[in-house]
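Structural characterization, general
Here is how the chains run, residue by residue.
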Amino acid sequence: MRLPFVALTLSLAASPVLAMEDFVLEDEVALCMSCHGDAGVPIEPDYPVIWGQQYFYIYTQLRDYGAGRRQNDIMTPVAAEYDRDQAKLLAEHFAALAWPDIPAEIQDGDEQLAERGITGGQCSACHGKWQGDSRIPRLAGQQVGYLRKTMLDFKNEVRMNAPDKISTMKQLDEETIDALSRYLATIDIQ
Amino acid sequence: MKSGISSIAATVTLCIGAYGASAQEEVAGGTTLYGDLQSVTQSMLTRAAGDGNNFLHTNGNYAQTRYYPASQINTSNVKNLRPAWVFQTEVVDTMETSPIVVNGIMYVTTAFNHVYALDARTGKQIWHHKHSMGPVTTYCCGPNNRGVAVAGDKVFFGTLDAKLVALDAKTGKQLWETQIAEPELGYSETMAPSVVEDMVLIGTNGGEYGIRGFVKAFDTETGEEKWTFHTVPEDSVGVWTTEDATGRNMHRDIEAEKAALAEQGDPYETLGGGVWQNPAVDLETRRLYFVVGNPSPDLDGSLRPGDNLYTDSLVSVDLDTGEYVCHLQYIAHDVWDLDAVSPPIITTVKDASGNDVKGVLHGGKTGHVYVHNADDCSLIRFSEAMVPQEDMWTLPTAEGARMLPGANGGVEWSPMAIDPNHRLSYAINLHQPMTYTVRSTPYPEGKLWLGGSFDVIPDEEQWGNVTAVDYDTGDIAWQVRTEQPMIGGILATAGGLVFTGEGNGLFKAYDSSNGGELWRFQAGAGVNAPPSSYTVEGQQYIVVAAGGNAQLNFKRGNNIIAFTLAD
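Residues numbered from 1 in each chain as written. Chains lettered and ligands numbered in written order. Predicted model: local features only at pLDDT ≥ 70, side-chain atom pairs only at ≥ 80, totals over all residues. Heavy atoms only, no water.

Named according to an unreviewed UniProt entry, chain B is PQQ-dependent dehydrogenase (Methanol/ethanol family) originating from Silicimonas algicola. The UniProt entry for chain B carries this comment under Cofactor (unreviewed entry): "pyrroloquinoline quinone". Of the comments in the UniProt record for chain B, the one headed Sequence similarities (unreviewed entry) reads "Belongs to the bacterial PQQ dehydrogenase family." (UniProt positions renumbered as here; feature names shortened; annotations may be inferred.)

Chain A is annotated in an unreviewed UniProt entry as Cytochrome c553 from Silicimonas algicola. As stated in UniProt under Subcellular location (unreviewed entry), the record for chain A gives "Periplasm".

Shown next as structure tokens:
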């Protein structure tokens, strides 16, 4: 994916508070990798893979954390330090890395349940073949635990920065969410 | 390079369609090509409705009739229709392209903005242009592209990062590109542009992202903007109508809306109103007719008091200036996303007194074909409902309320066709029972903003149909049910046929007078794109893309398939 930095003259909300004055990309990358893994495999099963994730999606999530639209005890204070350009540098760095191969297993009946959920929620309209694109995150090969947590966080109105997903996820029962998590985690698009 | 996209591009020439020895062969990398690539004159574009050789506009001609005047392939011989060739694009993903054919050269597009020029006789690739995509793209409903416009020596297309691009028709090299609007705010392009004289016309996607919609005209030579019509005026309030265009009560709480207006002000800056299908062009009156999509956020009316002009409307503007002429709003203050998307058609219709007048047809997501007087946009009549309507207009609730049609229609973006001899319009429809859920959230600064969700009810049967409507009476003349909801488009021909495809891979020909199925072909992936037709060296072809559909999750593919009569 090509990642030029374009000069955006936008009428969007103001940048989060202040830019980190002593921002050094390598230091911030190291901070990120302490949780998201130094080879792309996160240290916890419900932390997301960000190596090879979509540039604009990473940037948007950093912005949302920083502005309080997405809440997380670890990420919110970290992201609040970055201004728009710093967030873009980090997003560019991680988007350019190779997506890791994380083993996952599908169970009998998962595919059928997942397909039913996908059709009902019209998921593929945006998520396509799960490869992600720009503002749409890659889901294929993501960690099972993170996928499950994310869908449940939408369903239970914990994650609020994509509110339209709340209504969609409320239509899915936990069994379907579990199946969908395993299904997406095992999709190989390398 | 997008992951999951095949890197293999192959041209498969099948056994049918032998060409005369005198046919000029193309020279790879050289200058000798079949046909003249630099010959799309305004006269050709203007007279396209009678051109049985080329297919020059996304919807066939400026009136957008999708009625092709050639009749070599007809009701008596369509049973002998066979694939002439199959071209496989590099991108295995949703396809909505309308193939454009100029003097034996075909232009098609794919998801993620690839453009191909092909030899229309053989399917052999002449050039391939892959758009250099910026970092921010937007699409609610698949990474679609519906094709190119052609004029002079140029090919024009819009992109998912909200650019208008001009290519050299002979080489595929980029001549210029123009940033139409800011992609980070949710603007993007999936429609094919239209060209009239020195103007390239294009609207915008983004009704699901809180954009302010428009139609713009750009200079064909330079890409400089010539005019803009904002589909949402600064006063978007309207007349507080409580009924839709068919006279049914929409259960608006006008007092609450007036209170919200006093508190919040006019919502025009983020009110949506995308235009993502081609306008019909009337060169006689120098007017455009197009339909405007849904208000933002789709399901939450509390943040957008008023009629939300000109969303969900047929609008006419002056071709040369973009100035407003007239409009008719089908659904004021829509909270169901049952907006106006299928491209309008100009044709002669009977008015209420039985006199022939210039009319405009639009196939609605509501399932009605609306028949307008072209002079003032007024509604002459609306057809019988082509799909079940139940509990209209039940307001969305926090728990989800069932109402039919579902939010995809009726008629989705799929262009209709007409046969002016039969005085019939042909539409493809969906029946997808859904619940409508509202969840109010503030403007999310260019992110998806539906204000709730529309969810398919998994236990209810879905299906589709092909429906012919007598636009002089509004009566359904014939109707054929299909296994799956229909999306993609339809073509009528002077051979007494209509062609349309289905999500299960079937591509069919029907008798346009009575709906009798005369031919079918299994394409192996969803046929969810509008067919075209053309004639080269005396041989008529029907061509269609089979790439499936992301929105309805129909099986993806990457084929352009051209059919002609077996020897």
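A tally of regular secondary structure across chain A gives 9 helices and 0 strands. Going residue by residue from the N terminus, the α and β elements of chain A occur as α-α-α-α-α-α-α-α-α. Compactness check: chain A gives a C-alpha radius of gyration of 17 Å against a globular reference of 16 Å for 190 residues, within 12% of the reference. The dimensions of chain A, computed from C-alpha atoms along their principal axes, are 50 × 35 × 30 Å. Per-residue burial over chain A gives 55% buried out of 190 residues. Long-range pairs, those at least 24 residues apart, make up 73% of the contacts in chain A between residues at least 6 apart in sequence. (Helix = DSSP H or I, 4+ residues; strand = E, 2+ residues; numbered from the N terminus. Rg over C-alpha atoms; globule rule 2.2 N^0.38 Å. Buried < 20%, exposed > 50% of the residue type's maximum accessible area, 1.4 Å probe, protein only. Contact = heavy atoms within 4.5 Å.)

Side chains that are nonpolar tend, in soluble globular proteins, to be buried together. All names here are of chain B. M106, Y107, F499 and Y534 are the most contacted members of the largest nonpolar core, which has 94 residues in total. Top contributing element to this core by residue count: strand β36 (residues 539-546), with 6 residues. Membership of the second largest hydrophobic core comes to 30 residues, among which are A340, A374, M434 and V456. (Core = buried A, V, L, I, M, F, W, Y, C linked by side-chain atoms within 4.5 Å.)

Taken as a whole and assessed by the stated rule, the structure comprises 39 salt bridges over all chains. Among the ionic pairs, E225 of chain B bridges to K216 of chain B, the shortest N-O distance being 3.3 Å. Its relative accessible area of 45% is what places E225 of chain B among the partly exposed residues. Among the residues examined, K216 of chain B registers a relative accessible area of 9% and is labelled buried. Sharing partners across several salt bridges, the network here consists of D64 and R69 of chain A together with E445 and K447 of chain B. (Salt bridge = Lys/Arg side-chain N within 4 Å of Asp/Glu carboxyl O.)

Between chain B and chain A, the residue contacts involve 46 residues of the former and 42 residues of the latter. For the pair chain B and chain A, the summed buried surface comes to about 3,700 Å²; carbon and sulfur atoms form 46% of the total. Sorting the residues of chain B by area buried against chain A places P135, E184 and R439 of chain B first, and these three jointly supply 20% of that buried surface. D64 of chain A is the salt-bridge partner of K447 of chain B, the closest N and O atoms lying 2.2 Å from each other. Where chain B meets chain A, there are 24 residue pairs in polar contact (both at pLDDT 80 or more). (Buried area = accessible area lost by both parts, 1.4 Å probe. Polar contact = N/O pair within 3.5 Å; in protein donor to acceptor, adjacent residues only side chain to side chain.)

The next thing to look at is the sheet that holds strand β23 (residues 379-382) of chain B. Residue and element names in this part refer to chain B. If you trace the 4 strands from one edge of the open sheet to the other, you get β20-β21-β22-β23, paired in antiparallel fashion. Strands with a single pairing partner mark the edges of an open sheet, and in this sheet they are β20 (345-350) and β23. Going from strand to strand, the sheet's axes swing by 35° on average, the running direction of each strand aside. Inspection of the sheet shows β20 paired to strand β21 (residues 356-363) by 6 bridges, in the antiparallel sense. From the neighbouring strand, I345 faces β21, where its bridge partner is L361. (Pairing = 2+ DSSP bridges. Axes fitted to C-alpha atoms, helices over the stretch in contact; angles between N-to-C directions.)

The next point concerns the packing of helix α2 (residues 55-67) of chain A against helix α4 (residues 84-95) of chain A. All names here are of chain A. Orientation of α2 relative to α4, taken along the N-to-C sense of each, is 140°, at an axis distance of 8 Å. One element, α2, and the other, α4, form an angle in the oblique class. The chirality of how α2 crosses α4 is right-handed. Facing α2, whose interface residues are Y55, I58, Y59, L62 and R63, α4 presents R84, A87, K88, L90, A91, E92, F94 and A95. Taken together, the residues that form the contact of α2 with α4 break down as 9 nonpolar, no polar and 4 charged. (Parallel < 35°, antiparallel > 145°, perpendicular 65-115°, else oblique. Left-handed = near helix turned anticlockwise from the far one by under 90°. Nonpolar A, V, L, I, M, F, W, Y, C, P; charged D, E, K, R; others polar.)

The next point concerns the state of the cysteines. Inspection of every chain in the model, using the stated rule, returns 2 disulfides over all chains. Paired through a disulfide, C140 of chain B and C141 of chain B show a sulfur-sulfur distance of 2.2 Å. Disulfide C140 of chain B-C141 of chain B: torsion about the S-S bond near -95°, hence left-handed. With its sulfur 2.1 Å from that of its partner, C326 of chain B forms a disulfide with C377 of chain B. Between C326 of chain B and C377 of chain B, the S-S torsion sits near 65°, and that sign places the bridge as right-handed. Of this pair, C326 of chain B sits in strand β19 (residues 324-329) while C377 of chain B sits in the loop between β22 (369-373) and β23, placing them 51 residues apart in sequence. You can call C326 of chain B buried: its relative accessible area is 7%. Assessed through its relative accessible area of 1%, C377 of chain B is described here as buried. Cysteines bonded in chain B are numbered consecutively along the chain; their disulfide partners then correspond to 1-2, 3-4. Not part of a disulfide, C35 of chain A finds its nearest cysteine sulfur in C32 of chain A, a span of 8.9 Å. (Disulfide = S-S within 2.5 Å.)

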